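A closer look at the structure
Chain residues, written in single-letter form:
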Amino acid sequence: MSAPRDLSSVSGFAQDDGSDRLFAPSAARNIEPIAEVLAHHAPKSGKALEIASGTGQHVAVLAERIPHLLWQPSDVDSARLASVNAWAARSGNTNILPALMLNATSPGWSRDHPGQSLITLSNLLHLISEAEAKTLLSEAGKALAPQGILHIYGPFLRDGTAISEADAEFHAKLQSEDPEVGYKNDWDVIDWIHASGMDLVQLLEMPSNNLSFLATRPF
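The sections below set out a description of the structure shown in this document. Small disclaimer: the values here were computed from a predicted structure and weren't measured.

Thoughts on the nonpolar core
- Ranked by size, the top nonpolar core spans 27 residues in total, and within it Ile51, Trp109, Ile119, Leu150 and Ile152 carry the most contacts.
- Of all the secondary structure elements, the ones that give two or more residues to this core are β3 (46–51), β6 (116–122), α5 (130–143), β7 (144–155), α7 (186–195) and β9 (210–216).
- Here this core gets five residues from one element, more than from any other, and that element is α5.
- The residues contacting isoleucine 51, other than those within four sequence positions of it, are Ser74, Ala104, Trp109, Ile119, Thr120, Leu121, Leu124 and Leu136.
- Counting 24 residues, the second-largest nonpolar core is a separate cluster that includes Ala48, Ala63, Ala88 and Leu118.

Some points on the sheet that holds strand β4 (residues 69–75)
- Ordered in space as β5-β4-β3-β6-β7-β9-β8, the seven strands form an open sheet in which the pairing is mixed. Of all the strands in the sheet, just β5 (100–101) and β8 (199–205) have a single pairing partner and so form its edges.
- For β6 and β7, the ladder comprises six bridges, and the chain directions are parallel. Each bridged residue has a counterpart across the sheet, and for threonine 120 the counterpart in β7 is histidine 151.
- Where helix α4 (residues 78–91) meets the sheet, its contacts fall on β4 and β5, and the angle it forms with β4 comes to roughly 155 degrees.

Some points on the pattern of salt bridges
- In the structure shown here, the tally under the stated rule is seven salt bridges.
- In this structure, glutamate 32 and arginine 65 form a salt bridge, with 2.8 Å as the shortest nitrogen-oxygen distance. Here glutamate 32 is found in helix α2 (residues 25–41), whereas its partner arginine 65 is found in helix α3 (residues 57–65), with 33 residues between them in sequence.
- Accessibility expressed as a relative area gives 39% for glutamate 32, which makes it partly exposed.
- Relative accessible area serves as the criterion here: at 34%, arginine 65 is assigned to the partly exposed category.
- We note a salt bridge from glutamate 177 to lysine 173, for which the minimum N-O separation is 2.8 Å. Taken together, the residues span about one helical turn, with glutamate 177 and lysine 173 both in helix α6 (residues 165–177) at a distance of four residues.
- Residue classification places lysine 173 among the partly exposed residues on the basis of a relative accessible area of 36%.

Considering the pairing of β6
- Across the seven residues of β6, seven count as buried, placing the element largely inside the fold.
- When β3 meets β6, the two strands line up parallel, connected through four bridges. Residue pairing in the sheet places glutamate 50 in a bridge with threonine 120 of β6.
- After leaving β6, the chain enters α5 and then returns to the sheet as β7, a path that is right-handed.

Calculation criteria
Residues numbered from 1 in each chain as written. Predicted model: local features only at pLDDT ≥ 70, side-chain atom pairs only at ≥ 80, totals over all residues. Heavy atoms only, no water. Core = buried A, V, L, I, M, F, W, Y, C linked by side-chain atoms within 4.5 Å. Buried < 20%, exposed > 50% of the residue type's maximum accessible area, 1.4 Å probe, protein only. Helix = DSSP H or I, 4+ residues; strand = E, 2+ residues; numbered from the N terminus. Contact = heavy atoms within 4.5 Å. Pairing = 2+ DSSP bridges. Axes fitted to C-alpha atoms, helices over the stretch in contact; angles between N-to-C directions. Salt bridge = Lys/Arg side-chain N within 4 Å of Asp/Glu carboxyl O. Right-handed = clockwise from strand over helix to strand, strands pointing away.

Structural data, given as structure tokens:
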């Protein structure tokens with residue numbers, strides 16, 4: 001089993017008013033466009049697994065916007081798990097399960113979490129290696145129920161190239177700290193989705209040069 005990576009240098013988390021709730025400005029900025037995409041494409045019922053829930057800001061909003069799904073947040077860090085639970089409690093939503101310790105870059109986790117109607121992850125693939133990303137997608141394909149939806153959001157290279165100076169600088173910064181991580185290429189991600197037994201449904205341009213990949217497990 002691979003050890004989870006230390007993402008503290010790029011996570012941007014801040015303690016919120018001395019409580020367990022952590023706050024990430026980027027999560028506050030991108031949750032609305034993500035919620036719009038998921039509200040349109042989410043299945044009508046079932047279980048939703050959020051991988052790398054981070055602060056918990058996202059799942060608190062998603063559970064409210066998509067109340068017909070039972071949300072399972074997860075992360076690899078105990079402080080983030082506490083923050084997720086604090087945000088969930090603050091939201092008052094009753095369709096959020098207690099946050100789960102889950103390293104989704106390790107093989108085999110799908111066996112413990114089958115039948116997911118929706119799996120979503122945001123701003124993660126550029127923080128893990130190519131091998132870890134392939135493992136994550138392979139396991140996600142196995143964890144999805146037939147016709148289940150996978151959603152991936154974040155920054156990506158377009159045909160091998162960063163599309164802004166800020167993206168190029170951040171990609172270079174990530175690789176200077178760990179040569180195995182950095183922005184993934186959009187075409188590679190599509191290939192990994194197909195190799196994991198899923199079909200790409202849609203590729204959406206999102207604000208701030210991000211992308212949303214939507215895929216489904218056909219059977």
